[in-house]
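# Descriptive structure summary
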Amino acid sequence: MPTVECDPDEARRRLEDAGVTVTPGNTEHERWRAERGAATAVAYDEKVVVQGASPTDILPILQPGGGRAHVYFDGASRGNPGPAAIGWVIVTSEGIVAEGSKRIGKTTNNRAEYEALIEALEAADEYGYDEVDVRGDSQLIVKQVRGEWKTNDPGLREHRVTVRELLDRFDRWSLEHVPREINDRADSLANEALDNA
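Residues numbered from 1 in each chain as written. Predicted model: local features only at pLDDT ≥ 70, side-chain atom pairs only at ≥ 80, totals over all residues. Heavy atoms only, no water.

Okay, the pattern of salt bridges next. What the rule picks out here adds up to 20 salt bridges. Two residues, Glu16 and Arg12, come together in a salt bridge whose shortest N-O distance is 3.1 Å. Remark: Arg12 and Glu16 occur in helix α1 (residues 8-17); sequence separation between them is 4 residues, near one turn of the helix. In this structure Arg12 comes out as partly exposed when scored by relative accessible area, which is 28%. The residue Lys143 makes a salt bridge to Glu148 at a minimum N-O spacing of 3.3 Å. (Salt bridge = Lys/Arg side-chain N within 4 Å of Asp/Glu carboxyl O. Helix = DSSP H or I, 4+ residues; strand = E, 2+ residues; numbered from the N terminus. Buried < 20%, exposed > 50% of the residue type's maximum accessible area, 1.4 Å probe, protein only.)

Here it is as structure tokens:
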């Protein structure tokens, strides 16, 4: 269960500003509770604990903005084109902050890679990070986004434009190709999403 060390009153204000309903706590130790999607936030003195199947449904609202994160992404397609899924992970000096995965229907591996990168950057932006160091094991995607390789496929070109627009939201960013072993968590999440279909 993720724990956010924060002022519960400030966290409550953030949630209410985002349109989340905040209710009284269930015990004398709970200051308040809030639910969004598949996540529940419970406030105690000087911290908020997030529970549920999808903590990222509420964590971005609670986290103080700013800071630097490492973002890992991966897409998988079985059949190319075939059933596809994505996986992504956001890591800071405190460990894994958030991760996600899902099936995205039938598509190519390259399109799945782009979809994973887009979703990862959207999540990092929601968390309010100022700087992101993005890592993926797709040399094609990395080199296309950095402008080192041409993007001839119109669909991939559109994804590349979206990625560049998302990257422009950060004060500083880097994008590097890494071996699959370095990207193993994002890779595992994408493949688990395919396996669990």
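After that view, the rundown keeps rolling.
This next bit is on the packing of aromatic side chains. Ring pairs (aromatic) are described by centroid distance and by the angle formed between their planes. Taken as a whole and assessed by the stated rule, the structure comprises 1 aromatic pair. Each ring, one from Tyr127 and one from Tyr129, has its centre 6.1 Å from the other, and the planes form 10 degrees; the classification is stacked. Overall, Tyr127 belongs to the buried group, its relative accessible area being 2%. Given a relative accessible area of 11%, Tyr129 falls into the buried group. (Phe/Tyr/Trp six-rings, centres within 6.5 Å; stacked < 30°, edge-to-face > 60°.)

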